[in-house]
Amino acid sequence: MADDMIPAAAFKDEDLVYVDPDTKSVVGPLEWSRSGNPKSKPFPPPAEEKKEGGRRRNRRKHYPWGTYRSMKRVFQVEGKQKKQEGNMLLDDAIARAMKEPFWD
């Protein structure tokens, strides 16, 4: 999937593009159907599908699309990315707090 990503510098603000919100990158230019409507580009299927209650969820996700300018603002495609917060389990956090109290 990462091989399919196109550098953001290749687009102008007026170009219509698909964006991957998870990786905050441009997937590609917008594609059009024969009738002149924009095509929906589905996410690739997950490697392991999760079944809930024996039923298969028939919900498909699609990449959002819009002008490159609006996608830059909404999904922070360009610029400095925010540092992700570390997620720690409560038991691990308590054990670490006992070893390394913040007031020492």
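Scroll up to find the structure.
Residues numbered from 1 in each chain as written. Predicted model: local features only at pLDDT ≥ 70, side-chain atom pairs only at ≥ 80, totals over all residues. Heavy atoms only, no water.

1. So, a nonpolar patch on the surface
Part 1 of the reasoning: Residues L90, I94 and M98 make up a contiguous nonpolar surface patch of about 360 Å² in total accessible area.
Part 2 of the reasoning: Along the chain, L90 turns up in helix α2 (residues 90-99).
Part 3 of the reasoning: The exposure class assigned to L90 is exposed, which follows from its relative accessible area of 62%. (Patch = residues over 30% accessible without salt bridge, like charges linked within 9 Å, V, L, I, M, F, W, Y side chains within 5 Å. Areas by Shrake-Rupley, 256 points an atom, 1.4 Å probe, with all protein chains shown as cover. Salt bridge = Lys/Arg side-chain N within 4 Å of Asp/Glu carboxyl O. Helix = DSSP H or I, 4+ residues; strand = E, 2+ residues; numbered from the N terminus. Buried < 20%, exposed > 50% of the residue type's maximum accessible area, 1.4 Å probe, protein only.)

2. What about the environment of P45?
Part 1 of the reasoning: With respect to the helices and strands, P45 occurs in the loop between β2 (25-29) and β3 (65-67).
Part 2 of the reasoning: With 15 residues separating them along the chain, P45 and R60 place their C-alpha atoms 8.5 Å apart.

3. Notes on unusual backbone geometry
Part 1 of the reasoning: The phi dihedral of K24 falls on the positive side, at around 55°, and the residue is not glycine.
Part 2 of the reasoning: With relative accessibility at 30%, the residue K24 sits in the partly exposed group.
Part 3 of the reasoning: Even without being glycine, Q76 reaches a positive phi, approximately 50°.
Part 4 of the reasoning: With respect to the helices and strands, Q76 occurs in the loop between α1 (68-75) and α2.
Part 5 of the reasoning: Taking the relative accessible area as the measure of exposure, Q76 reaches 38% and is therefore partly exposed.

4. With respect to the packing of aromatic side chains
Part 1 of the reasoning: If you walk through the whole model with that rule in mind, you get two aromatic pairs.
Part 2 of the reasoning: The cationic tip of K61 hangs over the ring face of F43; the distance from NZ or CZ to the ring centre is 4.7 Å. (Phe/Tyr/Trp six-rings, centres within 6.5 Å; stacked < 30°, edge-to-face > 60°. Lys NZ or Arg CZ within 6 Å of the ring centre and 35° of its normal.)

5. Regarding α1
Part 1 of the reasoning: For α1, the set of buried residues is Y68, M71 and F75. Within α1, the buried residues cover an arc of 60° as seen down the axis, which keeps them to one side. What points out from α1, more than 90 degrees from its buried face, is the exposed set R73 and V74.
Part 2 of the reasoning: Elements that come into contact with the buried residues of α1 comprise β1 (16-20), β2 and β3. (Arc of directions from axis to C-beta. Contact = heavy atoms within 4.5 Å.)

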